[in-house]
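Tertiary structure, described
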Amino acid sequence: MANLPDRNNDNGLVSGPSPTMRRVMRTTMLSAVVGTAVEWYDFYLYATASAVIFNRLFFPSYSHLIGTLLAYGTFAIGFFVRPIGGIIFGRLGDRIGRKRVLVITLLLMGGSTTAMGFLPTYSRIGIWAPILLTLLRAVQGLGSGAEYAGAVLMAIEYAPSNKRGLYGSIPYIGVAAGLLLSLVSFSWASRLPATQFDAWGWRVPFLLSSLVVAFGMLLRLRLHESPIFERLKEDGHISAAPVQELFRVARRNLFCAWGARLGDNSLAYIYESFVIVYAVQQLGIAKSTILDALMASAAVQFVTVPLFGWLSDQVGRKPVYLGGAILSGLFVFPFFAMLRTRSTLPIYVAILAVSAVGKIMMTSAQSPWLAEMFPSRVRYTGFTLAREVTSPISGGIAPIVATALLAVGGGSPYLVAWYVVVLAAVSAISVSLGPETRGCPLL
């Protein structure tokens, strides 16, 4: 407990943190952002590669659309193992501490992504290429099942009670950073001549993950444990069976969180991954144009993420979350109409509206909402299960469902649009039925 704060409020923080405490908090926040950036750099990079090149290098014997579906299938594998990672590492986070788990998850994610950069393709080793790709994707998903939850909990359990929305949203800046870094690196690589890109250029973004992981490890090894977990350990209140206890004391909140997550998780991959397939393959928009628009959206999120986190501290978690779900559902038809103009300005406006505003309203409010709705003894387990149990049927298959609906619709996006409306409605209803948690005690 050396150098940890005095325990004058429910977070274990003093009202006026010392210089030492401020340094601890800065390291904690930077570590959270970097770790989340690694997680989502890995995931967005894989999603982009699935849409652009994996269909050709790892599934070359199929048609272009079927190859894309198979590539997205390996992408979905990561989401199917995320709940397993959430159960394993969420339980460990409540049993042995937040810090140790964050070190493990960072190594799993970054190591698997770097290894993808060394994979031989189908032309070299045949069927073993997609098999090894799928295995590495599974390891990546296993670590990701608890990474974001741990980053948010460390931030919120250090935060003053009236700034949890702001502090809890900041790790999501890492998501924007990961998206931006993945798009920048992949955009650079894709500008190489086609033969060089196929031969080695696509590997470079995957190998660069090792540099970010090394920096993240330096930060995480210097972290202090969460003051709330330290308090639980000192008082002998560590849960012996976090999963069972969670279902006993917070079942309703968990169900509401699952419903809320269906929308924002799915919409993120429809608006930021599937949109590449639709824009490039169906509308003939230059790949660089859509990638540049997504990069602009990621840059804007550095402002909108803390803005909506701060707003949730002022008006509550539910109003901000609901506003994002409603905007996402209502704007989907204008979104596709603006893409069909094939003009740069409408494309940028459309992507900024859904990605930097609608989606961010949901995710910025979601972080403190999920952290505050579960008791401290089972908070890591509750957060991971709330986020990850729905991953296979939301984020994991959303690009596959959207691509299939596009094929059924003969290239028309209207079935995809109605799919988005349904997902947004499920999220809005679930949030409405859940609790308002702003200002609640964390212990």
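Just above, that's the structure.
The structure presented is a predicted model; accordingly, all values stated were derived computationally and were not measured.

Conventions we followed
Residues numbered from 1 in each chain as written. Predicted model: local features only at pLDDT ≥ 70, side-chain atom pairs only at ≥ 80, totals over all residues. Heavy atoms only, no water. 1 Å grid on protein atoms, 1.4 Å probe; cavity = no way out; pocket = protein on both sides within 12 Å on 5 of 7 lines; lining within 4 Å. Points joined across faces, edges and corners; volume = space filled by probe spheres on them. Helix = DSSP H or I, 4+ residues; strand = E, 2+ residues; numbered from the N terminus. Axes fitted to C-alpha atoms, helices over the stretch in contact; angles between N-to-C directions. Left-handed = near helix turned anticlockwise from the far one by under 90°. Contact = heavy atoms within 4.5 Å. Nonpolar A, V, L, I, M, F, W, Y, C, P; charged D, E, K, R; others polar. Disulfide = S-S within 2.5 Å. Buried < 20%, exposed > 50% of the residue type's maximum accessible area, 1.4 Å probe, protein only. Phe/Tyr/Trp six-rings, centres within 6.5 Å; stacked < 30°, edge-to-face > 60°. Lys NZ or Arg CZ within 6 Å of the ring centre and 35° of its normal. Expected span 1.5 Å × (residues − 1). Bend = angle between axes of the 7 residues up to and from the residue. Patch = residues over 30% accessible without salt bridge, like charges linked within 9 Å, V, L, I, M, F, W, Y side chains within 5 Å. Areas by Shrake-Rupley, 256 points an atom, 1.4 Å probe, with all protein chains shown as cover. Salt bridge = Lys/Arg side-chain N within 4 Å of Asp/Glu carboxyl O. Core = buried A, V, L, I, M, F, W, Y, C linked by side-chain atoms within 4.5 Å.

With that settled, the discussion passes to empty space enclosed by the protein. Gaps between atoms show up when a probe of the same size as a water molecule is rolled over them. Summed over all chains, the structure comprises two cavities of 30 Å³ or more. Taken as a whole, the largest cavity encloses approximately 80 Å³ of empty space. Lining the largest cavity are W40, Y44, Y172, R261, D264, N265, A268, Y269, K359, T363 and R387. Sorting elements by how many residues they give to the lining of the largest cavity places helix α13 (residues 251-282) first, with five residues. Approximately 40 Å³ is the volume found for the second largest cavity.

Here the focus is the packing of helix α8 (residues 173-190) against helix α10 (residues 203-220). Where α8 meets α10, the closest approach of the two axes is 8 Å, and the angle between their N-to-C directions is 145 degrees. Handedness of the α8/α10 crossing: right-handed. Between α8, through S185, F186, W188 and A189, and α10, the contact on the second element is made entirely by V204, P205 and L208. When grouped by side-chain class, the residues that make up the contact of α8 with α10 number six nonpolar, one polar and no charged.

Before going further, it helps to spend a moment on the state of the cysteines. Scanning all chains against the criterion turns up zero disulfides. Unpaired in terms of disulfides, C256 finds its nearest cysteine sulfur in C440, a separation of 15 Å. You can call C256 buried: its relative accessible area is 7%.

Turning to the packing of aromatic side chains, a few remarks are in order. Counting across every chain of the model gives 12 aromatic pairs. Put simply, the rings of Y271, F274, Y278, F335 and F336 touch in pairs and so form one group of aromatic residues. The side chain of R137 reaches across the aromatic face of Y46, ending 5.0 Å from its centre.

Here the focus is the side chain of S209. Relative to the assigned elements, S209 resides in helix α10. In this structure S209 comes out as buried when scored by relative accessible area, which is 1%. Sequence-distant contacts of S209, defined by excluding residues within four places in its chain, comprise Y41, D42, G110, T113 and T114.

The next point concerns α13. Look at α13: 43 Å from first C-alpha to last across 32 residues, which is about the 46 Å you get at 1.5 Å a residue. Where α13 bends most, at F274, the angle is about 45 degrees. Burial analysis of α13 places 26 of its 32 residues in the buried class, the great majority of the element. Where α13 ends, the next residue or the one after it, G284, has phi of about 70 degrees, a positive value.

Okay, the environment of A402 next. Summarising the element assignment, A402 is placed in helix α19 (residues 398-408). The class for A402 is buried, based on a relative accessible area of 0%. Expressed as a C-alpha distance, the spacing of A402 and S266, which sit 136 residues apart in the sequence, is 9.9 Å. When neighbours within four sequence positions are excluded, A402 is seen to be in contact with I270, F274, V416 and Y419.

Looking now at a nonpolar patch on the surface. Together, Y122, I125, I127, W128, I131, L132 and L135 line one region of the surface with nonpolar side chains, adding up to about 630 Å² of accessible area. Going through the elements one at a time, α5 (122-125) and α6 (128-158) are the ones with two or more residues in the nonpolar patch. Considering each element in turn, the nonpolar patch owes the most residues, four residues, to α6. Counting through the fold element by element, L135 comes out in helix α6.

Core analysis: the largest hydrophobic core is formed by 113 residues, its most contacted members being I53, F54, F58, I270, F335 and F336. Ranked by residue count, the leading element in this core is α13, at 14 residues. Residues within four places of F58 in sequence aside, it is in contact with L119, P120, T121, Y122, A129, P130, L133 and W202. Of all hydrophobic cores here, the second largest spans six residues; its members include V103, L106, V213 and M217.

One pass over the full model with this rule turns up 12 salt bridges. We note a salt bridge from R82 to E388, for which the minimum N-O separation is 2.6 Å. Here the residue R82 occupies a position in helix α3 (residues 64-95), and E388 occupies one in helix α18 (residues 379-388), the gap between them amounting to 306 residues. Across the pair, E388 and R82 agree in class, each one buried.

Fair warning: the whole summary comes from geometry, so function is off the table for now.
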